[in-house]
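Geometric and topological summary
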Amino acid sequence: MSATPSSLRRPDFSAEWVLNRPACTLSPGADAVESGFLRIAHREPSFHCKGAFVTKSNPFEYEFVLLSDGREVVTTDEGVQTSSRLQWDGDALLVTWLTQHPDAEQLMSFRYDVIDRGRRLHATEHLRGTDHDQDNVWVFERTG
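This section reports on the structure supplied with the text. Note that the coordinates shown come from a computational prediction; the quantities given were computed from them, not determined experimentally. (Residues numbered from 1 in each chain as written. Predicted model: local features only at pLDDT ≥ 70, side-chain atom pairs only at ≥ 80, totals over all residues. Heavy atoms only, no water.)

Thoughts on the pairing of strand β3 (residues 46–54)
Both faces of the sheet carry side chains from a regular strand, because those side chains alternate between them. Across 9 bridges, the pairing between strand β2 (residues 35–43) and β3 is antiparallel. In the sheet register, Ile40 faces β3, and the bridge partner there is Cys49. From the end of β2 to the start of β3, which pair antiparallel, there are 2 residues. The turn linking β3 back onto strand β4 (residues 60–67) is made up of 5 residues. (Pairing = 2+ DSSP bridges. Helix = DSSP H or I, 4+ residues; strand = E, 2+ residues; numbered from the N terminus.)

Structure (structure tokens):
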């Protein structure tokens, strides 16, 4: 019997994840986040991520669903076009959003890695094209 290819044994990111704020490395602006969580439902190739973050002045939430096949998904809302893509890089998932405003372009990417035998999630973020470009490492702990 042959070994199973690693591409068939990729990690499942499904879990409720709580932010371990002291373990994070955050840029100015992002460092205002005090707490947060991610809820991920990952049923290959579908990746559904919902997050909520608390700050003193501006709590925020977001949600997205993408397929991990690397296919580009383009949406337009009020004249702003966003191209999204999710793809595997070994055992990590990479998601990118390129947002084209009438007068500027913004690129945001996250690399999601499950580490410590599935107990932690690292989300490495890069944000470019704003007045506050950022490089952040968000660390989450699996709950339950």
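A short note on the pattern of salt bridges
With the rule as written, the count across this model stands at 9 salt bridges. With a closest N to O distance of 3.8 Å, Glu72 and Arg85 form a salt bridge. Remark: Arg85 occurs in strand β6 (residues 80–89) and Glu72 occurs in the loop between β4 and β5 (73–77); sequence separation between them is 13 residues. You can call Arg85 partly exposed: its relative accessible area is 30%. Residues Asp113 and Arg111 are paired through a salt bridge, measuring 3.0 Å at the closest nitrogen-oxygen approach. On the accessibility criterion, Asp113 (18% relative accessible area) is buried. In this structure Arg111 comes out as partly exposed when scored by relative accessible area, which is 29%. The structure contains a network of salt bridges with shared partners spanning Asp89, Arg111 and Asp113. (Salt bridge = Lys/Arg side-chain N within 4 Å of Asp/Glu carboxyl O. Buried < 20%, exposed > 50% of the residue type's maximum accessible area, 1.4 Å probe, protein only.)

Some details on the nonpolar core
Leu38, Phe47, Tyr112, Trp138 and Phe140 are the most contacted members of the largest nonpolar core, which has 27 residues in total. Those residues in contact with Phe47 that lie beyond four places of it in its chain are Phe13, Ile40, Ala41, His42, Phe64, Val65, Leu66, Leu86, Leu93 and Tyr112. (Core = buried A, V, L, I, M, F, W, Y, C linked by side-chain atoms within 4.5 Å. Contact = heavy atoms within 4.5 Å.)

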